[in-house]
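Structural features, examined
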Amino acid sequence: MPPVDSTIERLRDLPRSELAEEIETLVLEKFKIVLLMDESEDLPLDVSYFDLGLTSLRLTEIRQSLEQLLDLSINVNVLFNEPTIAHLVDHLTQAIQES
């Protein structure tokens, strides 16, 4: 895995649409690992994490992993107020563009 610095620098240089795609790929990868899903399985972007079977503890693990990878702080409210992958991807895309 490349160092965090190079990952975040590469992401910051991308246009928004490509950035959103990259973030979505990273987020889906993290969720699939925690949910014990195969890479080829579809994970709906607009379904609540909790309806997918995710617990608060697992969600915290994902949050911490994404914070490290993206060198960002992710507010817990973002995860619980609109708990979908699509919302998280939008939030992270905007946060990276503003950083």
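For the structure given in this document, a descriptive report is provided here. Everything numeric here is computed off the predicted structure, so don't read it as measured data. (Residues numbered from 1 in each chain as written. Predicted model: local features only at pLDDT ≥ 70, side-chain atom pairs only at ≥ 80, totals over all residues. Heavy atoms only, no water.)

**Here we look at unusual backbone geometry**
The backbone of Leu36 shows a phi angle near 55 degrees, a positive value even though the residue is not glycine. Note on placement: Leu36 falls in the loop between α2 (16–34) and α3 (56–70). One non-glycine residue, Asp71, lies in the positive phi region at around 55 degrees. Counting through the fold element by element, Asp71 comes out in the loop between α3 and α4 (76–81). (Helix = DSSP H or I, 4+ residues; strand = E, 2+ residues; numbered from the N terminus.)

**So, α2**
In an α-helix, one turn spans 3.6 residues; hence positions three or four apart end up facing the same way. Under the 1.5 Å per step criterion, the end-to-end length of α2 is 27 Å for 19 residues, consistent within 8% with the ideal 27 Å. Where α2 is concerned, the buried positions are Leu19, Ile23, Leu26, Val27, Leu28, Lys30, Phe31, Lys32 and Val34. The positive-phi residue at the C-terminal boundary of α2 is Leu36, with phi of around 55 degrees. (Expected span 1.5 Å × (residues − 1). Buried < 20%, exposed > 50% of the residue type's maximum accessible area, 1.4 Å probe, protein only.)

**Brief notes about the packing of α2 against α3**
For the pair α2 and α3, the least separation of the axes is 10 Å and the interaxial angle reads 145 degrees. Judged by the twist between their axes, the crossing of α2 over α3 is right-handed. Contacts from Ile23, Leu26, Val27, Lys30, Phe31 and Val34 in α2 reach Arg58, Leu59, Ile62, Ser65, Leu66, Leu69 and Leu70 in α3. Class assignment of the residues belonging to the contact of α2 with α3 gives a composition of 10 nonpolar, 1 polar and 2 charged. (Axes fitted to C-alpha atoms, helices over the stretch in contact; angles between N-to-C directions. Left-handed = near helix turned anticlockwise from the far one by under 90°. Contact = heavy atoms within 4.5 Å. Nonpolar A, V, L, I, M, F, W, Y, C, P; charged D, E, K, R; others polar.)

**Some thoughts on the nonpolar core**
Formed by 29 residues in total, the largest nonpolar core has its most connected members in Ile23, Val27, Phe31, Leu70, Leu88 and Leu92. Elements represented by at least two residues in this core include exactly α1 (4–12), α2, α3, α4 and α5 (85–98). Once residues within four sequence positions are removed from consideration, Val27 is found in contact with Leu66, Ile85, Leu88, Val89 and Leu92. (Core = buried A, V, L, I, M, F, W, Y, C linked by side-chain atoms within 4.5 Å.)

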